[in-house]
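In case you want the letters, here they are:
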There are 2 protein chains.
Amino acid sequence: MSDILKPSRRAFLRGSAAAAAGLTAGAAARAGTPDPLITEIQPWAQVFGDGVDATPYGLPIEYESDVIRRNVEWLTADTTSSINFTPIHALDGTITPQGCAFERHHSGAIELRKQDYRLMVNGLVDTPLVFTYDDLERFPRENHVYFCECAANTGMEWAGAQLNGAQFTHGMIHNMEYTGVSLRTILNEAGLGAAGDLADKWVYVEGADASSNGRSIPMEKALDDVLVAFKANGEALRKEHGYPVRLVVPGWEGNLWVKWLRRIEVMDGPVESREETSKYTDTLEDGTSRKWTWVMDAKSVITSPSPQAPITHGHGSLVITGLAWSGHGAITRVDVSKDGGVTWETARLAKPGEKMALTRFYLDTEWNGEEMLLQARAMDETGYVQPTKDQLREVRGENSIYHNNCIQTWHVMPNGEAENVEVS
Amino acid sequence: MSDILKPSRRAFLRGSAAAAAGLTAGAAARAGTPDPLITEIQPWAQVFGDGVDATPYGLPIEYESDVIRRNVEWLTADTTSSINFTPIHALDGTITPQGCAFERHHSGAIELRKQDYRLMVNGLVDTPLVFTYDDLERFPRENHVYFCECAANTGMEWAGAQLNGAQFTHGMIHNMEYTGVSLRTILNEAGLGAAGDLADKWVYVEGADASSNGRSIPMEKALDDVLVAFKANGEALRKEHGYPVRLVVPGWEGNLWVKWLRRIEVMDGPVESREETSKYTDTLEDGTSRKWTWVMDAKSVITSPSPQAPITHGHGSLVITGLAWSGHGAITRVDVSKDGGVTWETARLAKPGEKMALTRFYLDTEWNGEEMLLQARAMDETGYVQPTKDQLREVRGENSIYHNNCIQTWHVMPNGEAENVEVS
C-alpha cells in the first residue's frame, strides 16, 4: 500500500455550523429538511443540452456576465485614449484570458489585416528590412509567460484610497503565454555592425495606430528578452492587444509593449518622445521628474476577499488569495497581514515564482467575523521587499502617477464586506 | 559591454529571394516599386480605433474566424452525444483558450447555476457530505496545467488516413491551467476510515447531465493528483467545459474528467458502467477487449505544416512545429523526420516538458520545395517512445477505436500543400 493511500482525517470545515452537522450544504439540508437539489431529479438531468455545433467559438456562461473588463468614465476625457481594468477580483490561477485582459489605447484599437502588416527595421543597421507577417513566422519562435502592467496601475492610490475594488486599484495587469520571435533575432537579421558600439545605442519602436505611441528602449534590453509576439495564450493576439503583432518587454511598463508594431529604428540615443517625457515619468516632491523608470517593482494585491469579492459564506475556514509579481525576476515569498501590517503570516505560493510572470498565493486560514485590515507584501529574488504607502511617499512624494507598488489595505468588516482604506 | 551586446549576423532568411534583395516584404518592394503599405500613411493610422468600452469581454478579430472548433457531421448520429475538435493547426504555444477547446458531450452541454450546484460524497465514508459551490471555495486550492485528451483522439487512424487535418486527427485535446481542490482533500473531509483497506477501493464519479457519464477510478489515483476544478485559464469553467465544477484526472482519458460533477461515491469495486465496458475499452485482433486503459500514452503531432496549415511562403527557412504530451509524465524529447521515419532530427522544446501537460516543439529548418513525409516522435520521462502505426497494429490489431498514439505522417508536396498519408 503506497503512502498516498493512508488517509488523514482533516476536519477542515470544522468552524462551520454546517460541517459540524455533517453536512455543508444549503439551509434546507442543515435544518433536516431534504434538499430538493439532492433528492429530486433536476430539470438539467432530463433534457439534452447544447450540441457540439452550438458555439464554434465559446464565450463565458451568462451567469458570469459580471466578470468583464470595466472602465471608469471620469478617469479620462474619452474612451479611445483610455484604460479599462482586468476583473482580477473574480479570477484565480495566473493566466489572464485575452477576452477580459485590460486594454490601454492612445488612439483606440485598430483593425489591421495580416496581409496589410509590415514591420520596418531601419536606422543604424547594415541592411534596412521590411518584414511581412509571413516573414516573421519563418524565424525561430519562443514561448514565455509574462505579466504586462500599465505604469499607471494603482496610480490613484498616491492621492489616497479612492477606487473601491482590486479590479480598479490593481487591474491594469494581465499575464499571458506569448509566442513570438526574439527582437534580437530581428535586429541581427538587419545587422548591427553599422551601429558600432552597442552600449550607447537605443531602439525606437512605434505602432501602426494614429498615436504611434513611440518609445525608446536601450539596446541592452532590446537584445535581451524582448519578443516580437504574434500569439497570446495559444491563439492570435486579439485586436485590442495589437493584432497581428505586438512587442513584449518583460518586466517593463506596459507602455513599451507597443501594439500593432510597425517600425523598429536603431538610433544613437533615445528619442525623448511625448510618451517618455510629459508622460511615463515620475514627478517627485520637489517638482522635478525622474525618467527611464521602466521596470515594474515587486508588488502584490489580495484579490479575494476584496471590495468586489466579499466573504459571503459563514465563519470558519477562509481562503485568502491574491497575485504577486516583479519586473526584476521571480517572486520568492508573499506575506499576508490581517492587522494592517503589525503581524505577518507567510502565504503559500501555488507554484514557485517565475521570472516576470504573475504568481498566485494562498493563505488558508480561519475567520470568525473579526474585522481585518488585510495586506499582502511581496518579495522577489533580488531581496527587494514591497514597500508601504508611507515608505513610498517618503521617497517619491505625492505628485506621481506611475509606479505605485505600495502595499494595499482592504478593511474587511464583520459582515464580510471589504473596502479600500489607508493605514499609517 | 555585456555579452548580450555582441551582435552575431545571421542571414536566417538567406534562402529567400526577397531576403537576398535585402527586403523580405511583398512583391512590390521586391520589384523595386515602392510598397504603398510602407510609403503611404495608412487609413488605420488616420482614425481613432475602438474605445475601451467597446468589448467588455472580447472575441477574436474577424480575420481569425476560421480558428474555431469544428465537428464532423458523419462521425456521430447527433450533435448532443458527439465531439468537436480544437483548431490545433492554427494555434501555437501550449495554452488552449477555453473558447476553442474541444468538447465531448454525452447528452449535451447543460446550464447549471452555482447556487443550484451540489456535490455529494457518499458510500464508504465516515460522514456522507453534500457541498455547495461556496463550500468548495473554502478548501485549499491548487493550480496546475494539464492536457485533457479524449481516448478516441486519432481513433479514425486505425482504419487508415481518413481525416485530412491535424484538427480532425489530433484535435480532441486541450491544455489549460486549472484551479481547484484536490479530490484527496474532499475525500478526507468525508473521512475514509470506514473504507478500511484503501488498496482495493474505488471511487465512482458522475455528472449532473442526463447521461451522468459515470466512471470508476481506483483509489490510488483518486488520492494522488485528481482535482475538483472550478477555474480554467484563470476564469470560471465555460458551460461546455462543465461549469461550475468538473473533475480533472491528469494524464488519463478525457471521459474520466466528469463535467458538472455531482457525486463521488467510495466503493469496494468498480461499477463497470456503460462508459467502461461497451465504451472506452480496446477491442483487440482476437475480438476480446482490454479494459481499464486509462493512461494516455506519449504522443505527438506536427501542427504546421499540415493539411490545414500548408506552406504558403517561398523556399528557404521554414519552422516546423507541433505538440507532444504523455499521460505518464513529462516529455523529454521529440524527433522530427522529413522522410517518413528513415532519418530523424531532434526538435527544440520551447520549454522543458512538464508532467501531463502539452509541450511545444520547433524544428527550425530549410525547405526548397522538396516533397516531405513529415513525422514527429515523442519520448517521455519513462523512456517510452511513441510507436509507429505498424507497431501499434501489431499489438492491438485494427478493431480498436481508442488509444491510438501512433506516429502521424503528413505528405508535404512541392506546392506546400499537405495531406494525411500512411507509410509502412
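The name an unreviewed UniProt entry assigns to chain A is Sulfur dehydrogenase subunit SoxC, from the organism Marivita hallyeonensis. Entered under Cofactor (unreviewed entry) in the UniProt record, the comment concerning chain A runs "Mo-molybdopterin".

Draft legend 1. Seen up close, the sheet that holds strand β7 (residues 202-207) of chain B. All names here are of chain B. The strand order across the open sheet built from five strands is β4-β3-β12-β7-β8, with neighbouring strands paired in mixed fashion. What marks the edges here is a single partner per strand, and that holds for β4 (129-132) and β8 (215-218). The mean inter-strand angle of the sheet, taken between neighbouring strand axes irrespective of direction, is 20°. Sheet topology places strand β3 (residues 118-123) next to strand β12 (residues 261-267); four bridges connect them, and they run parallel. Along β12, the bridge assignment pairs N122 with E265.

Draft legend 2. Focus on the sheet that holds strand β15 (residues 299-304) of chain B. All names here are of chain B. Overall, antiparallel pairing links the four strands, which are arranged β15-β16-β20-β19 in an open sheet. The sheet is open, and its two borders are formed by β15 and β19 (348-349), each paired with just one other strand. Pairing between β19 and strand β20 (residues 359-367): two bridges, direction antiparallel. Of the residues in β20, the one forming a bridge with L349 is F361.

Draft legend 3. Focus on the interface of chain B and chain A. Tallying the contact residues gives 130 residues for chain B and 130 residues for chain A. Here chain B and chain A share an interface that buries about 11300 Å² over both sides, 56% of which is from carbon and sulfur atoms. The largest per-residue losses of area from chain B upon contact with chain A belong to W44, V52 and R138 of chain B, which jointly make up 8% of the total buried on that side. Measuring nitrogen to oxygen at the nearest pair gives 3.2 Å for the salt bridge that ties K114 of chain A to E64 of chain B. In this structure, the connection of chain B to chain A is made through 50 residue pairs in polar contact (both at pLDDT 80 or more). In terms of residue class, the side of chain B that touches chain A is made up of 54 nonpolar, 39 polar and 37 charged.

Draft legend 4. A look at the UniProt feature "domain: Moybdenum cofactor oxidoreductase dimerisation" (unreviewed entry) in chain A. Per the UniProt entry, the sites bearing "domain: Moybdenum cofactor oxidoreductase dimerisation" (unreviewed entry) are residues 290-408 of chain A in this numbering. Structurally, residues 290-408 of chain A comprises 7% helix and 39% strand, and the distance from its first C-alpha atom to its last is 24 Å.

Draft legend 5. Here's a closer look at the domain arrangement of chain A. Residues and elements named next belong to chain A. We note that the domain assignment places domain 1 (83-289) and domain 2 (299-421) within chain A. Spacing between the C-alpha centres of domain 1 and domain 2 amounts to 27 Å. Viewed at the interface, domain 2 and domain 1 are joined by four salt bridges. Among the salt bridges present, the one from D92 reaches R360, with a minimum N-O distance of 3.4 Å.

Draft legend 6. Main features of the state of the cysteines. Residues and elements named next belong to chain A. Here the structure, examined in full by the defined rule, presents zero disulfides over all chains. Unpaired in this structure, C100 has its nearest cysteine sulfur neighbour in C148, at a distance of 14 Å. This cysteine, C150, is not joined by any disulfide, and C148 carries the nearest cysteine sulfur, 8.0 Å off.

Draft legend 7. View of unusual backbone geometry. Along the chain, S304 of chain A connects to P305 of chain A via a cis peptide bond; the corresponding omega equals 0°. Counting through the fold element by element, P305 of chain A comes out in the loop between β15 (299-304) and β16 (316-325). The amide bond that connects Y243 of chain B to the next residue, P244 of chain B, takes the cis arrangement and shows omega of 5°. By the element assignment, P244 of chain B lies in the loop between β10 (235-236) and β11 (246-248). Notably, Y280 of chain B is not glycine yet its phi reads approximately 55°, a positive angle. Structurally, Y280 of chain B is set in the loop between β12 and β13 (282-283). If you check the backbone angles, W292 of chain B has positive phi at about 55° while not being a glycine. For W292 of chain B, the location among the structural elements is in the loop between β14 (289-290) and β15.

Draft legend 8. Structural detail: the relation of the copies chain B and chain A. Once turned by 180° and shifted 0.0 Å along the axis, chain B lies on chain A with an RMSD of 0.0 Å. The two molecules are tied by a two-fold rotation axis, judged by turn and shift. Residue by residue, 100% of the interface of chain B is reproduced at the interface of chain A, so both copies engage with the same surface.

Draft legend 9. Up close: the pattern of salt bridges. All names here are of chain A. Under the definition given, this model contains 62 salt bridges over all chains. Between E157 and K389 there is a salt bridge whose closest N-O contact spans 2.6 Å. On the criterion of sequence distance, the pair formed by E157 in the loop between β5 (141-149) and α5 (166-170) and K389 in helix α8 (residues 389-396) is long-range, its members being 232 residues apart. As far as the burial class goes, E157 and K389 line up, both buried. The partner of E422 in a salt bridge is R393, with the nearest N and O atoms 3.0 Å apart. Taken together, the residues E422 in the segment after β23 (418-421) and R393 in helix α8 connect sequence positions 29 residues apart. Relative accessible area serves as the criterion here: at 33%, E422 is assigned to the partly exposed category. Classification of R393 as buried rests on a relative accessible area of 14%. Within this structure, E157, K389, R393 and E422 form a network of salt bridges that share partners.

Draft legend 10. How the structure looks around the UniProt feature "domain: Oxidoreductase molybdopterin-binding" (unreviewed entry) in chain A. In this numbering, the UniProt entry assigns the feature "domain: Oxidoreductase molybdopterin-binding" (unreviewed entry) to residues 112-272 of chain A. Taken end to end, residues 112-272 of chain A is 13% helix and 35% strand, and its two terminal C-alpha atoms sit 27 Å from one another.

Draft legend 11. Structural detail: helix α6 (residues 183-190) of chain B. Residues and elements named next belong to chain B. Where burial is concerned, most of α6 is hidden: seven out of the eight residues are buried. With a side-chain oxygen positioned 3.1 Å from the backbone nitrogen of R184, the residue opening α6 is S182. Looking one or two residues past α6, G191 carries a phi angle of roughly 90°, positive in sign.

Draft legend 12. View of the packing of aromatic side chains. For the coordinates displayed, the defined rule picks out 22 aromatic pairs over all chains. We note R377 of chain A situated over the ring of W344 of chain A; from NZ or CZ to the ring centre the distance is 4.1 Å.

Draft legend 13. The arrangement of the pairing of strand β21 (residues 372-380) of chain B in detail. Residues and elements named next belong to chain B. Taken across its nine residues, β21 has eight buried, putting it largely inside the fold. Relative to β21, strand β17 (residues 331-337) runs antiparallel, the two being bridged by six bridges. In the strand pairing of β21, S337 is matched with Q375. Two elements, β21 and strand β22 (residues 409-412), share four bridges in a ladder whose sense is antiparallel. From the neighbouring strand, Q375 faces β22, where its bridge partner is T409.

Draft legend 14. Geometry of the side chain of S337 of chain A. All names here are of chain A. If you trace the backbone, S337 turns up in strand β17 (residues 331-337). Within the local environment of S337, its side chain forms a polar contact with the side chain of D339, the two groups lying 2.7 Å apart. Separated by 2.7 Å, the side chain of S337 and the backbone oxygen of T343 make a polar contact. The residues touching S337, leaving out its near neighbours within four places in the chain, are V342, T343, W344, L373, L374 and Q375.

Draft legend 15. Just the pairing of β7 of chain B, in detail. Residues and elements named next belong to chain B. Most of β7 sits out of view: six of its six residues are buried. Residues of β7 alternate between two faces, with W202, Y204 and E206 on one and V203, V205 and G207 on the opposite face, all of them buried. Bridging between β7 and β8 involves four bridges; their strand directions are antiparallel. Residue pairing in the sheet places V203 in a bridge with I217 of β8.

Draft legend 16. Summary view of the environment of R263 of chain A. All names here are of chain A. In this fold, R263 is placed in strand β12 (residues 261-267). Taking the relative accessible area as the measure of exposure, R263 reaches 16% and is therefore buried. Taking the C-alpha atoms as reference points, R263 and A109, 154 residues apart in sequence, are found 18 Å from one another. Setting aside anything within four residues of it in sequence, one finds R263 in contact with L119, M120, N122, Y204, V205 and E206. At a separation of 3.2 Å, a polar atom in the side chain of R263 contacts the side chain of N122. Side chain to side chain, R263 and E265 meet in a polar contact 2.5 Å long.

Parameters at a glance
Residues numbered from 1 in each chain as written. Chains lettered and ligands numbered in written order. Predicted model: local features only at pLDDT ≥ 70, side-chain atom pairs only at ≥ 80, totals over all residues. Heavy atoms only, no water. UniProt positions renumbered as here; feature names shortened; annotations may be inferred. Pairing = 2+ DSSP bridges. Helix = DSSP H or I, 4+ residues; strand = E, 2+ residues; numbered from the N terminus. Axes fitted to C-alpha atoms, helices over the stretch in contact; angles between N-to-C directions. Contact = heavy atoms within 4.5 Å. Buried area = accessible area lost by both parts, 1.4 Å probe. Salt bridge = Lys/Arg side-chain N within 4 Å of Asp/Glu carboxyl O. Polar contact = N/O pair within 3.5 Å; in protein donor to acceptor, adjacent residues only side chain to side chain. Nonpolar A, V, L, I, M, F, W, Y, C, P; charged D, E, K, R; others polar. Domains from an automatic or database assignment. Disulfide = S-S within 2.5 Å. Least-squares fit on C-alpha atoms with pLDDT ≥ 70 in both. Buried < 20%, exposed > 50% of the residue type's maximum accessible area, 1.4 Å probe, protein only. Phe/Tyr/Trp six-rings, centres within 6.5 Å; stacked < 30°, edge-to-face > 60°. Lys NZ or Arg CZ within 6 Å of the ring centre and 35° of its normal.

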